[in-house]
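So you can see what is in the structure, the chains are spelled out below.
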Amino acid sequence: MNKSQKAQPKIHLRSSLFILMISLIIVLLTDSVFYYYTKRMLTSELETKLQLIADNVAISIKHSRSGEKYVENLIGQNLRTAAIAAQYRLDPDIEKVTNEELAEISKDLMIDHITLMKRSGDDIIGYKSTEPKEINMSTKTWSRDWFKAFNQLLDTTETNVKSGQALPHYWSGPINTSMSDPQYVDKWGYYYDGRTNYILDPYVHDTFFQSYQRETGVNAVIDEMIHGYTDHGAKEIAVFNPPTFLKQQEQFKKEGYTWFSDREILFGTYTMKDSRDQEMVQEVMKSKHMQQMFTELNGRTYLKMFIPLQFDSPVVVGLTADYEQVQSSIHQQQFRLLLLIGTTGFFAFLFVILSIRFMNKRREATAESVQEVYVDHIGALFRSMKEQRHDFNNHVATIHSLVHLKEYGELDRYTSEIIGETTALNDIIQINVPALSAIVQSKVIQAVERKITFIHEVANLKKVHLGAVKATDMVRMISNLIDNAFDAVAASHKDTERIVRLIGYSQGSSLTFQVINNGDPIPDDRLEHLFEPGFSTKKDSGQHAGLGLSIIQKLVNKYGGSIHVNSTPTETCFTISIPL
């Protein structure tokens, strides 16, 4: 004989795949949000670092220019002293001064060259000099303030130009490229007090000044920020001279050399170029606000920022930072996040699978329990119907005999009793909930055996759809209440007929059952303890666990329903209401 095998719980593949898909979507969304947020955060951090670098460059330029201005003015004062000393040794007539004499004085005063300048028509030219290229050199076409300052000196008026250093009878031009020898950047001084017919022009190659800039100036600070021990994030820093960089002002060039004052990059270096740099600088000059962009150079991504600064004239600081470090950091953190999410997701998915297996097992166990209840109660119903069918044959034989004997009065009484039994059976079948029909039938049989009148008034429940589990729980509640009612009327001291009534109906969104008995009333002091585990109103409570009503209340609470009890001297009524 084959044994029936217990069905194994099945994991719902569709539910598992749905959960997995939702999990993957959540992971992707989380990863995208994390990537965007981290990228924005690290980019903002890099932007802040570059802004701090720009601020340091600005402070450095400000302090450096103050120091450079002081050093430049000091050189200018020394040149004025040298010019006065040379004037005492030279003849006031330029025609009586020789170039050899100027060379000797230049050597004694430790200056690089001396040039004597005089008017020639509407021009001012170099007439005598230790530098042959200075002789007969015209200054009429010199840009900016130079030619104007020369005329003011020769006119013995106060020198009043925007650039350079003005002292009594003296003007020193700003450091710039030498016109006669463009490979040098020189500092000149021009002295004329009216006692000679020429301007004395001592000048020096600005090696000292450039050494000062390299050691303590802006370029030194920039070099430290890029190549120092601390990584500030910048790979290149350039201070742009907007007029020449934007081609708004033509650069002065001679013999392949660009004038020092017309250089495009005032400080730093400019090797990491992009075709959009001019556009960025122009936009910064126009808006007076910082601009930035990403660029690809040699296969690497860089962030370029352009920041405006205002000094004697506006400049733009360009900073280039390696963005690959940011992307590398993002990828590392993203990998860690994905690893964490993947590990967590794996264990979460494993937990879901185990949970589903556990729930399936519980569902299977519940289904088996429900099935047993259905089988037991429906089996009882079928047994009752078989018994009635067996009795029906006897009833037919009896009716036939009574008809044959023409005992019509007895026949009427007999058939009336049969019709009552048939109507009761039909009422049970019409309940439309098999488990409930079965339990009512079984209680009818118990009532007959215990000589109790059991009345059931359950309205047609065709429109009520209860799940198997809910129907089983409902049967458990009603069965316990009917059993308690049977016990109550059986133990009653009243001489009246023992009556238990079951009333059931659906109203709105609720299903309501009432179990009413005419036994002894429940004292008020015991009503509030009825639903406590272990409490019983039965006299022989030692033989009863007192768990029936507490179990009923748990089942009622499980479905969000309610249970009420009302006890009067005539009857006790338990009412259960369960939402559908």
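Residues numbered from 1 in each chain as written. Predicted model: local features only at pLDDT ≥ 70, side-chain atom pairs only at ≥ 80, totals over all residues. Heavy atoms only, no water.

1. Some thoughts on the packing of aromatic side chains
Inference 1: Taken as a whole, this structure holds 14 aromatic pairs when the rule is applied.
Inference 2: Summarising the aromatic geometry, the rings of Trp188 and Tyr203 are spaced 6.2 Å apart at their centres and angled 40° between planes, so their arrangement reads as tilted. Of this pair, Trp188 sits in strand 6 (residues 185-188) while Tyr203 sits in strand 8 (residues 199-205), and the two are 15 residues apart along the sequence. Of the two residues examined, Trp188 and Tyr203, each falls in the buried class.
Inference 3: Ring centres 5.7 Å apart and planes at 85° place the aromatic pair Phe454 and Phe486 in the edge-to-face group. Within this pair, whereas Phe454 is found in strand 16 (residues 453-458), its partner Phe486 is found in helix 11 (residues 468-490), the two being separated by 32 residues in sequence.
Inference 4: Note on Phe454: relative accessible area 12%, which makes it buried.
Inference 5: Among the aromatic residues, those joined into a ring-pair cluster are Trp142, Trp146, Phe150, Trp171, Trp188, Tyr190 and Tyr203.
Inference 6: Over the aromatic face of Tyr127 sits the side chain of Lys118, whose NZ or CZ is 4.0 Å from the ring centroid.
Inference 7: Between Arg263 and the ring centre of Phe267, over which it is positioned, the NZ or CZ distance is 5.9 Å. (Phe/Tyr/Trp six-rings, centres within 6.5 Å; stacked < 30°, edge-to-face > 60°. Helix = DSSP H or I, 4+ residues; strand = E, 2+ residues; numbered from the N terminus. Buried < 20%, exposed > 50% of the residue type's maximum accessible area, 1.4 Å probe, protein only. Lys NZ or Arg CZ within 6 Å of the ring centre and 35° of its normal.)

2. A short note on the pattern of salt bridges
Inference 1: Scanning all chains against the criterion turns up 15 salt bridges.
Inference 2: The shortest N-O distance in the salt bridge between Asp108 and Arg89 comes to 3.0 Å. Linking Asp108 in helix 2 (residues 99-108) with Arg89 in helix 1 (residues 13-89), this pair joins segments that are 19 residues apart in sequence.
Inference 3: Judged by relative accessible area, Asp108 falls into the partly exposed class, the value being 44%.
Inference 4: On the basis of relative accessible area, Arg89 is assigned to the partly exposed category, the value being 41%.
Inference 5: The network of salt bridges with common partners includes Asp473, Arg476 and Lys558. (Salt bridge = Lys/Arg side-chain N within 4 Å of Asp/Glu carboxyl O.)

3. A short note on the confidence of the model for the chain
Inference 1: Of the residues in the chain, 81% have a pLDDT of 70 or more, and the chain-wide mean is 79.
Inference 2: Ranking the elements of the chain by mean pLDDT puts helix 9 (residues 408-429) last, at 62, and strand 7 (residues 190-191) first, at 96.
Inference 3: Segment residues 1-11: pLDDT under 50, and 11 contacts once partners within four positions in sequence are set aside and those in other chains are kept.
Inference 4: A low-confidence stretch, residues 541-546 stays under pLDDT 50, and its non-local contacts, those more than four residues away or across chains, total 9 contacts. (pLDDT = per-residue confidence, 0-100. Contact = heavy atoms within 4.5 Å.)

4. Focus on the layout of surface pockets
Remark: the empty space left among the atoms is shown by a probe the size of a water molecule rolled over them.
Inference 1: A volume near 1,200 Å³ is recorded for the largest pocket.
Inference 2: As for the largest pocket, its lining consists of 37 residues, of which Arg65, Pro174, Ser261, Asp312 and Ser313 are closest to the centre.
Inference 3: Contributing elements (two or more residues each) for the lining of the largest pocket: helix 1, helix 4 (207-216), helix 6 (242-245), strand 12 (265-268) and strand 15 (314-322).
Inference 4: A total of 7 residues in the lining of the largest pocket trace back to one element, the largest contributor, which is helix 1.
Inference 5: Per-class residue counts for the lining of the largest pocket are 14 nonpolar, 12 polar and 11 charged. (1 Å grid on protein atoms, 1.4 Å probe; cavity = no way out; pocket = protein on both sides within 12 Å on 5 of 7 lines; lining within 4 Å. Points joined across faces, edges and corners; volume = space filled by probe spheres on them. Nonpolar A, V, L, I, M, F, W, Y, C, P; charged D, E, K, R; others polar.)

5. What about a nonpolar patch on the surface?
Inference 1: On the surface, Phe18, Met21, Ile22, Ile25, Ile26 and Leu29 cluster together into a nonpolar patch covering about 600 Å² of accessible area.
Inference 2: In this structure, Ile26 sits in helix 1.
Inference 3: Judged by its relative accessible area of 48%, Ile26 falls in the partly exposed class. (Patch = residues over 30% accessible without salt bridge, like charges linked within 9 Å, V, L, I, M, F, W, Y side chains within 5 Å. Areas by Shrake-Rupley, 256 points an atom, 1.4 Å probe, with all protein chains shown as cover.)

6. Some points on the sheet that holds strand 17 (residues 499-507)
Inference 1: Strand order in the open sheet formed by 5 strands is 16-17-18-20-19, and the pairing between neighbours is mixed. Lying at the two open borders of the sheet, with one neighbouring strand each, are strand 16 and strand 19 (562-567). Averaged over neighbouring strand pairs, the angle between their axes works out to 10° when direction is ignored.
Inference 2: Note that strand 18 (residues 510-517) and strand 20 (residues 572-579) share 8 bridges and pair antiparallel. Bridging from a neighbouring strand, Thr512 pairs with Ser577 of strand 20. (Pairing = 2+ DSSP bridges. Axes fitted to C-alpha atoms, helices over the stretch in contact; angles between N-to-C directions.)

7. Concerning the side chain of Asp473
Inference 1: For Asp473, the location among the structural elements is in helix 11.
Inference 2: The class of Asp473 is buried, set by a relative accessible area of 5%.
Inference 3: A distance of 3.1 Å separates polar atoms of two side chains, one belonging to Asp473 and the other to Lys558.
Inference 4: Leaving out residues up to four positions away in the same chain, Asp473 has contacts with Leu555, Lys558 and Tyr559. (Polar contact = N/O pair within 3.5 Å; in protein donor to acceptor, adjacent residues only side chain to side chain.)

8. With respect to the pairing of strand 16
Inference 1: Taking every second residue as pointing to the same face, the buried face of strand 16 carries Phe454, His456 and Val458, while none of Thr453, Ile455 and Glu457 on the other face is buried.
Inference 2: In this structure, strand 16 lies alongside strand 17, joined through 6 bridges in parallel fashion. Bridge pairing in strand 17 places Thr453 opposite Ile499.

9. Concerning helix 5 (residues 218-227)
Inference 1: Every buried residue of helix 5 is accounted for by Val218, Ile222 and Met225. Projected down its long axis, helix 5 carries its buried residues within an arc of 60°, all on one side. (Arc of directions from axis to C-beta.)

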